[in-house]
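# A look at the structure
If you want the building blocks of each chain, they are given just below.
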Amino acid sequence: MEADSPASPGALEPLAEGAGGEFYSLLRRIKGKLFTWNILKTIALGQMLSLCICGTAITSQYLAERYKVNTPMLQSFINYCLLFLIYTVMLAFRSGSDNLLVILKRKWWKYILLGLADVEANYMIVRAYQYTTLTSVQLLDCFGIPVLMALSWFILYARYRVIHFVAVAVCLLGVGTMVGADILAGREDNSGSDVLIGDILVLLGASLYAISNVCEEYIVKKLSRQEFLGMVGLFGTIISGIQLLIVEYKDIASIHWDWKIALLFVAFALCMFCLYSFMPLVIKVTSATSVNLGILTADLYSLFVGLFLFGYKFSGLYILSFTVIMVGFILYCSTPTRTAEPAESSVPPVTSIGIDNLGMKLEENLQETHSAVL
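Keep in mind that what you see is a predicted model, and the values were worked out from it rather than measured.

### Some remarks on the packing of aromatic side chains
With the rule as written, the count across this model stands at seven aromatic pairs. When the centroid spacing of 6.4 Å and the interplanar angle of 25 degrees are considered together, the rings of Trp153 and Tyr160 count as stacked. On the accessibility criterion, Trp153 (33% relative accessible area) is partly exposed. Measuring from ring centre to ring centre gives 5.2 Å for Trp257 and Phe265, while their planes differ by 40 degrees; the resulting arrangement is tilted. Judged by its relative accessible area of 5%, Phe265 falls in the buried class. Through pairs of rings, three or more aromatic residues link up here, namely Trp153, Tyr160 and Phe165. When the ring centre of Trp153 is taken as origin, the NZ or CZ atom of Arg159, which lies over that ring, is 4.1 Å away.

What follows is the structure in structure tokens.
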């Protein structure tokens, strides 16, 4: 018998072309899924919120380091006053069920609890820096994301896929990379006066943020953005004003006011006001969880600005951290979650698609339908 002759190079060319075509087809499908216009728009909106948070962090740090002004409650109070003057007054001039008095008669105690959660979340996170380390705050603050996902599961009936858990893990890996870069760059130079108290404050603050964000998502999707901001402005002003008189009146009295300090307070208030005003818009077309993943980059923006203002040392790990967080964020946004409707009496629960990125997906479907008609 004759031995089988080896395949000729010409016979292998179609196989190679077929394998290469399948590979490029796979790349095109991945690109079409991960880099659509809607996902890019979601990324841009999330980074806009991150820049607002960066502005609040930089102005607060500048006040603390250059002018020895530590008044987080006063800064929050100014923001709540702005929300009150615009959105609460807007509700007062509405008619029907959207009127301020009608809302207060039906749901006043719910919005008191929401305002309390929002005010204390802001206060606890800022106050924790006095007791614990920067690393602890950055790491433990991420505790709010699994809490937020759990609350969304039980309250908003969000149902996650495996890719969502993988995406969250990737984002948290990016945060860990950022913390490692901080340690290597020598930013971890404060051991804190009482680490346990500080860590508890961070965990409580992160949990309260999660509660506030879930309530915000429910209100802006079921009711209206103006109602959420108006009620938070009303009760946030009252609660933060009372707390301000109790815990910070001595610190405020010791401030030596000049135009630079006043300008920093104004800059902080504007950044915070923009954050509160725009976040409901982003949450309405995505979800509270995806927004919280997107704003994980805020600390990195603060670090980049701090290279010039505060003399921070640069590390290549910061760039790696930013990249890892953005990859996780894109993965999360690439696939919508499901919404499981609650069961009514003996009727089995109905499952539908899309609490997460619902607005984006609807817009995408409308665009595809329009193209098909044309």
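### Points about the side chain of Asn122
Within the element layout of this structure, Asn122 appears in helix α4 (residues 100-128). Of note is the side chain of Asn122, whose polar atom sits 2.4 Å from the side chain of Tyr209. Not counting the four nearest positions on each side in its chain, Asn122 is found in contact with Ser76, Tyr80, Tyr209 and Tyr276.

### Points about the packing of helix α7 (residues 162-184) against helix α14 (residues 316-334)
Orientation of α7 relative to α14, taken along the N-to-C sense of each, is 165 degrees, at an axis distance of 8 Å. Compared by their axis directions, α7 and α14 come out roughly antiparallel. In this structure, α7 meets α14 at a crossing whose hand is left-handed. For the contact of α7 with α14, the class distribution of residues is 18 nonpolar, six polar and one charged.

### Describing the pattern of salt bridges
Taken as a whole and assessed by the stated rule, the structure comprises four salt bridges. For the salt bridge of Glu227 with Lys107, the shortest nitrogen-to-oxygen distance reads 2.8 Å. Taken together, the positions of Glu227 in helix α9 (residues 225-247) and Lys107 in helix α4 put the pair 120 residues apart, joining distant regions of the chain. Of the residues examined, Lys107 reaches a relative accessible area of 12% and is grouped as buried. Where Arg127 meets Glu248, a salt bridge forms, and the shortest distance between an N and an O atom there is 4.0 Å. With Arg127 in helix α4 and Glu248 in the loop between α9 and α10 (249-253), the pair connects residues that are 121 residues apart, well separated along the chain.

### Focus on the nonpolar core
One recurring pattern in soluble globular proteins: nonpolar side chains tend to sit buried together. Leu83 and Met231 are the most contacted members of the largest nonpolar core, which totals 46 residues. Going through the elements one at a time, α2 (37-67), α3 (72-92), α4, α6 (144-155), α8 (195-222), α9, α11 (259-285) and α12 (288-294) are the ones with two or more residues in this core. Of the residues forming this core, the biggest block, 11 residues, is contributed by α11. What Leu83 contacts, discounting residues up to four positions off in sequence, is Thr88, Leu229, Val232, Gly233, Phe273 and Tyr276. In this structure, Cys142, Val179, Met326 and Ile330 belong to the second largest nonpolar core, which totals 30 residues.

### Regarding the confidence of the model for the protein chain
Close reading of the predicted structure is inappropriate where its pLDDT is low. Per-residue confidence for the protein chain gives a mean pLDDT of 80; residues scoring 70 or more make up 78%. By mean pLDDT, the top-scoring element of the protein chain is α9 (94), and the lowest-scoring one is strand β3 (residues 351-353) (40). In this model, residues 1-5 is a region of pLDDT below 50 whose contacts with residues beyond four sequence positions or in other chains number zero contacts. When the criterion is pLDDT under 50, residues 345-374 qualifies, and its contacts beyond four places in sequence or with other chains add up to 51 contacts.

### A short note on the state of the cysteines
Working definition: the covalent bond between the sulfur atoms of two cysteines is a disulfide. Within this structure, the stated rule accounts for zero disulfides. Unpaired in terms of disulfides, Cys333 finds its nearest cysteine sulfur in Cys171, a separation of 8.9 Å. Classification of Cys333 as buried rests on a relative accessible area of 3%.

### So, the packing of α4 against α8
Two elements in contact, α4 and α8, have axes separated by 8 Å at closest approach and are oriented at 145 degrees. Considering how the two elements wind past one another, α4 and α8 form a crossing that is left-handed. Facing Tyr111, Leu114, Ala117, Asp118, Glu120, Ala121, Asn122, Met124, Ile125, Arg127 and Ala128 of α4, the residues of α8 in contact are Gly198, Leu201, Val202, Leu204, Gly205, Ala206, Leu208, Tyr209, Ser212, Cys215 and Ile219. Grouping the amino acids of the contact of α4 with α8 by side-chain chemistry returns 15 nonpolar, four polar and three charged.

### Thoughts on the side chain of Ser224
Mapping Ser224 onto the fold places it in the loop between α8 and α9. Its relative accessible area of 15% is what places Ser224 among the buried residues. There is a polar contact of 3.1 Å between the side chain of Ser224 and the backbone nitrogen of Glu227. Setting aside chain neighbours within four positions, we find Ser224 in contact with Arg94 and Ile219.

Rules used throughout
- Residues numbered from 1 in each chain as written.
- Predicted model: local features only at pLDDT ≥ 70, side-chain atom pairs only at ≥ 80, totals over all residues.
- Heavy atoms only, no water.
- Phe/Tyr/Trp six-rings, centres within 6.5 Å; stacked < 30°, edge-to-face > 60°.
- Buried < 20%, exposed > 50% of the residue type's maximum accessible area, 1.4 Å probe, protein only.
- Lys NZ or Arg CZ within 6 Å of the ring centre and 35° of its normal.
- Helix = DSSP H or I, 4+ residues; strand = E, 2+ residues; numbered from the N terminus.
- Polar contact = N/O pair within 3.5 Å; in protein donor to acceptor, adjacent residues only side chain to side chain.
- Contact = heavy atoms within 4.5 Å.
- Axes fitted to C-alpha atoms, helices over the stretch in contact; angles between N-to-C directions.
- Parallel < 35°, antiparallel > 145°, perpendicular 65-115°, else oblique.
- Left-handed = near helix turned anticlockwise from the far one by under 90°.
- Nonpolar A, V, L, I, M, F, W, Y, C, P; charged D, E, K, R; others polar.
- Salt bridge = Lys/Arg side-chain N within 4 Å of Asp/Glu carboxyl O.
- Core = buried A, V, L, I, M, F, W, Y, C linked by side-chain atoms within 4.5 Å.
- pLDDT = per-residue confidence, 0-100.
- Disulfide = S-S within 2.5 Å.

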